[in-house]
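Close look at the chain arrangement
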Amino acid sequence: MKIKSYEKHALLQAKITALRSKDTPPPIFARILHEISLILCADISASLALQSCKVETPLQTTQGFKLRHRLVLIPILRAGLGMLSGFHALLPEAAVGHIGVERDHDTLQPRFYYYKVPPLAGSEIWLLDPMLATGGSLEFALQKILPQKPERVRAVSVIAAPEGIRRIRKKFPQVFLHVGVIDKKLNDHGYILPGLGDAGDRCFGT
Ligand code: PRP
Ligand code: URA
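Remember, it's a predicted structure, so these values are computed and weren't measured experimentally.

Now for the environment of Val 179. By secondary structure assignment, the location of Val 179 is in strand β11 (residues 176-182). Linking Val 179 and His 88, residues 91 residues apart in sequence, is a C-alpha distance of 18 Å. Here Val 179 is in contact with Ile 3, Lys 4, Ser 5, Tyr 6, Ser 157, Val 158 and Ala 160, once residues within four sequence places are set aside.

And the structure:
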């Protein structure tokens, strides 16, 4: 599995720090998560495969480029929705799928409740979820998606725990992981330390 983390990205780290603060209220949290998503999208999209095409400027015809693969953005509900607006702002032509997975607070096992995605074969898939903790939710989403033979799958998280990274790395070596920052560990309740608390609750004020 390839993994890229953004510890050296100054602006991103400053925004993640603001996101962590317990004093950041939901509307500001949602705005910062949108901004972080713009930064991550700009970086990840820089390495997408291109194909040549012709373009007519007002003066002459010249060589240009377009993205080679169809892109599908898939937020993992709910908290992944907080990342969708930033990614879709830069990639408005991308199709959007939704996967509903919720962790059971006691067992930490993922509970599946919604799945609607466009055809994925041959597409580049970006799974969006700000938190990668035990990795159970992402593993569940990958198990739904990979049998549909996408061209490539990237999972994008803002904060990841080493435990979740290890789990995904072992089971899905073909997946690319992009993480804003890798935190210390999980606590006894499966929350990331230092983390930011519950991303869905903080984004949507629940
Ligand atoms: C959070 C988060 C991830 C998941 C990560 O969602 O957004 O989806 O937990 O934990 P894991 O790696 O241990 O599976 P949650 O289940 O709290 O649902 P929500 O987004 O609806 O609040
Ligand atoms: N989900 C969250 O929202 N936060 C965590 O720390 C772990 C899982």
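Moving on to the packing of helix α2 (residues 26-45) against helix α3 (residues 81-90). Helix-helix packing: each pair is described by the crossing angle between the helix axes and the interaxial distance. Where α2 meets α3, the axes come as close as 7 Å, and the angle between the chain directions of the two elements is 45°. Judged on the interaxial angle alone, α3 and α2 are oblique. In this structure, α2 crosses over α3, and the sense of that crossing is right-handed. Contacts between α2 and α3 involve Leu 33, His 34, Ser 37, Leu 38, Leu 40, Cys 41, Ala 42 and Ile 44 from the former and Gly 82, Met 83, Ser 85, Gly 86, Phe 87, Ala 89 and Leu 90 from the latter.

A few words on helix α4 (residues 136-145). With seven of its ten residues buried, α4 lies for the most part within the structure. Of the positions making up α4, those classed as buried are Gly 136, Ser 137, Leu 138, Glu 139, Ala 141, Leu 142 and Ile 145.

Each value, and the rule that gives it
Residues numbered from 1 in each chain as written. Chains lettered and ligands numbered in written order. Predicted model: local features only at pLDDT ≥ 70, side-chain atom pairs only at ≥ 80, totals over all residues. Heavy atoms only, no water. Helix = DSSP H or I, 4+ residues; strand = E, 2+ residues; numbered from the N terminus. Contact = heavy atoms within 4.5 Å. Axes fitted to C-alpha atoms, helices over the stretch in contact; angles between N-to-C directions. Parallel < 35°, antiparallel > 145°, perpendicular 65-115°, else oblique. Left-handed = near helix turned anticlockwise from the far one by under 90°. Buried < 20%, exposed > 50% of the residue type's maximum accessible area, 1.4 Å probe, protein only.

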